[in-house]
Amino acid sequence: PTTWLAGSVSGGIWQTTNSGGTWAPLDDFMANLAVTSMVMQPSTPSTIYAGTGEGFFSPEFEFTSQIQGAGVFKSTDSGVTWNQLASTNNSTFYYVNRLAMSPAATTLLAATEYGVSRSTDGGATFSSPSSINDIVTDLAFHPTNSSLAVASGYYGNAWYSTDSGVNWIAATGLPGMGRVEIAYAPSVPTIVYASVDYNSGTMYKSSDGGMTYAPLASSPAYPGSQGNYLGGQGYYDNVVWVDPVASNTLVVGGIDLWRTTNGGSSWSQISYWQASPNSAHADHHAIVSLPGFNGTTITSASDLLTALA
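Residues numbered from 1 in each chain as written. Predicted model: local features only at pLDDT ≥ 70, side-chain atom pairs only at ≥ 80, totals over all residues. Heavy atoms only, no water.

(A) Inspection of the overall build of the chain at higher detail. When you go through the chain residue by residue, the secondary structure sums to 0 helices and 26 strands. Computed over the C-alpha atoms, the radius of gyration of the chain is 18 Å, within 12% of the 19 Å expected from 2.2 N^0.38 for a compact globule of 309 residues. Taken along its principal axes, the extent of the C-alpha atoms in the chain is 50 × 45 × 40 Å. When the 309 residues of the chain are sorted by exposure, 50% land in the buried category. At a minimum sequence separation of 6, the contacts of the chain that also span at least 24 residues come to 47%. For the chain, the computed accessible surface area is about 13,000 Å², with 51% contributed by carbon and sulfur atoms. (Helix = DSSP H or I, 4+ residues; strand = E, 2+ residues; numbered from the N terminus. Rg over C-alpha atoms; globule rule 2.2 N^0.38 Å. Buried < 20%, exposed > 50% of the residue type's maximum accessible area, 1.4 Å probe, protein only. Contact = heavy atoms within 4.5 Å. Areas by Shrake-Rupley, 256 points an atom, 1.4 Å probe, with all protein chains shown as cover.)

Okay, here's the thing in structure tokens:
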């Protein structure tokens, strides 16, 4: 639990073996260093997959932030060396926004600008279900059921699968515009939260495993007239995290970080990037729990490891 890996969109993969005290690059000679997402194989933690290529687009495509990737890379020695999966050496995998591995370690999913790609042979081959024709930004497997998965896209849409990603069904209740990021509530996985780039940031909740969504009672808002938590750039920085043991405790990020402990009835701002040099910098793209976090051993929001671009 003291060994972590972090991926940087322009700096490759780094490792700490002392819980973040010091970091060093793992492999500066990867064919592509634009690392966007990593997953570890549950049954064989020495096997790790890394997606490459960042492609963010404003709703009007007036602004893009693109660093082209080179598909998915695989390590079988805990990240010391990496090899490109030949099956991903094509334009479909230029921008891999997210990877997800089933809890049974049998299926690997990749979210790309062309939809979802799926592998059941360790990345040797991928198939692309035709039921999603969209830029897919996020996807996740149910924490314990490898048959269930959810995905979300750039145009206010989300989908769910009941057959390990072979087929996808469109969810209902979302606004149909704006980038969507999603997260299961690990302790109550019938609950799925969605952070949507709609009205500068609107939080939604599904209570049926991602089939239907409805807005939360409130969404985080800056004081005064500065707008909601995504601040007009949710197409670029947009993330939601759910406490592993408390389904009503969330942290959402855009420019800053916000937290609720009552399922969205009220929110508190927990980072102020302009206010202090010691506060988290702006533009949040990923939030993960520290290894071993159980909801009580570590309770401070400041103890979350936040990966920043």
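There is more to say after this.
(B) Region of interest: the confidence of the model for the chain. Of all residues in the chain, 91% have pLDDT values of 70 or greater, and the mean over the chain is 89. By mean pLDDT, the top-scoring element of the chain is strand S18 (residues 192–196) (98), and the lowest-scoring one is strand S26 (residues 305–308) (40). When the criterion is pLDDT under 50, residues 299–309 qualifies, and its contacts beyond four places in sequence or with other chains add up to 26 contacts. (pLDDT = per-residue confidence, 0-100.)

(C) Summary view of the environment of Ser117. Mapped onto the elements, Ser117 comes out in strand S12 (residues 115–119). Along the sequence, Ser117 and Ser130 sit 13 residues apart, while their C-alpha atoms lie 9.7 Å from each other. With sequence-adjacent residues up to four places away left out, Ser117 is seen in contact with Thr92, Phe93, Leu108, Leu109, Ala110, Phe126, Ser127 and Ser128. Polar side-chain contacts of Ser117 include one of 3.2 Å to the side chain of Ser128. (Polar contact = N/O pair within 3.5 Å; in protein donor to acceptor, adjacent residues only side chain to side chain.)

(D) Spotlight on the pattern of salt bridges. On inspection of all chains with the given rule, the structure shows 3 salt bridges. Between Glu181 and Arg98 there is a salt bridge, and its shortest N-O distance comes to 2.6 Å. One end of the pair, Glu181, is in strand S17 (residues 180–184); the other, Arg98, is in strand S10 (residues 96–101), with 83 residues separating them in the sequence. Both residues of the pair, Glu181 and Arg98, belong to the buried class. Here Glu181 and Arg179 are joined by a salt bridge, their closest N and O atoms 3.1 Å apart. Look at Arg179 and you get buried, because its relative accessible area is 4%. Taken together, the shared-partner salt bridges in this structure form one network comprising Arg98, Asp138, Arg179 and Glu181. (Salt bridge = Lys/Arg side-chain N within 4 Å of Asp/Glu carboxyl O.)

(E) How the structure looks around the sheet that holds strand S11 (residues 108–112). Strand order in the open sheet formed by 3 strands is S10-S11-S12, and the pairing between neighbours is antiparallel. One side of each edge strand has no neighbouring strand; the edge strands of this open sheet are S10 and S12. Each adjacent strand pair in this sheet contributes to an overall mean axis angle of 20°, direction not counted. Judged from the 5 bridges that link them, S10 and S11 form a sheet pairing that is antiparallel. By the bridge assignment for S11, Arg98 is matched with Ala111. (Pairing = 2+ DSSP bridges. Axes fitted to C-alpha atoms, helices over the stretch in contact; angles between N-to-C directions.)

(F) Local environment of the nonpolar core. In this structure, Tyr193, Met203, Leu250, Val252 and Trp267 are the most contacted members of the largest nonpolar core, which totals 17 residues. With residues near it in sequence (within four places) discarded, Val252 still touches Met203, Pro220, Tyr229, Val239, Val240, Leu257, Trp258 and Trp267. With 14 residues, the next largest nonpolar core counts Ala171, Leu174, Ile182 and Val192 among its residues. (Core = buried A, V, L, I, M, F, W, Y, C linked by side-chain atoms within 4.5 Å.)

(G) Summary view of the sheet that holds S17. If you trace the 4 strands from one edge of the open sheet to the other, you get S17-S18-S19-S20, paired in antiparallel fashion. In this open sheet, the two strands that pair with only one neighbour each are S17 and strand S20 (214–215).

(H) Just the packing of aromatic side chains, in detail. On inspection of all chains with the given rule, the structure shows 3 aromatic pairs. Considering the side-chain rings of Tyr222 and Trp258, the 5.2 Å spacing of their centres and the 85° angle between planes classify their relative orientation as edge-to-face. Taken as a pair, Tyr222 in the loop between S20 and strand S21 (239–242) and Trp258 in strand S23 (residues 257–260) lie far apart in primary sequence, 36 residues in all. Taking relative accessible area as the criterion, Trp258 reaches 4% and is therefore assigned buried. (Phe/Tyr/Trp six-rings, centres within 6.5 Å; stacked < 30°, edge-to-face > 60°.)

(I) The arrangement of the environment of Asp237 in detail. Positionally, Asp237 belongs in the loop between S20 and S21. The spatial distance from the C-alpha of Asp237 to the C-alpha of Ile132 is 23 Å, given a sequence separation of 105 residues. Look past the residues within four positions of Asp237 in its chain and what remains in contact with it is Arg179, Leu230, Gly253, Gly254, Ile255, Asp283, His284 and His285. A polar atom in the side chain of Asp237 sits 2.5 Å from the side chain of Gln233.

(J) Layout of the pairing of strand S19 (residues 202–206). Most of S19 sits out of view: 4 of its 5 residues are buried. The pairing of S18 with S19 spans 5 bridges and is classified as antiparallel. Bridge pairing in S19 places Ser195 opposite Met203. The antiparallel pairing of S18 with S19 creates a hairpin that spans 5 residues between the two strands, and Asn199 there sits at a positive phi of about 55°.

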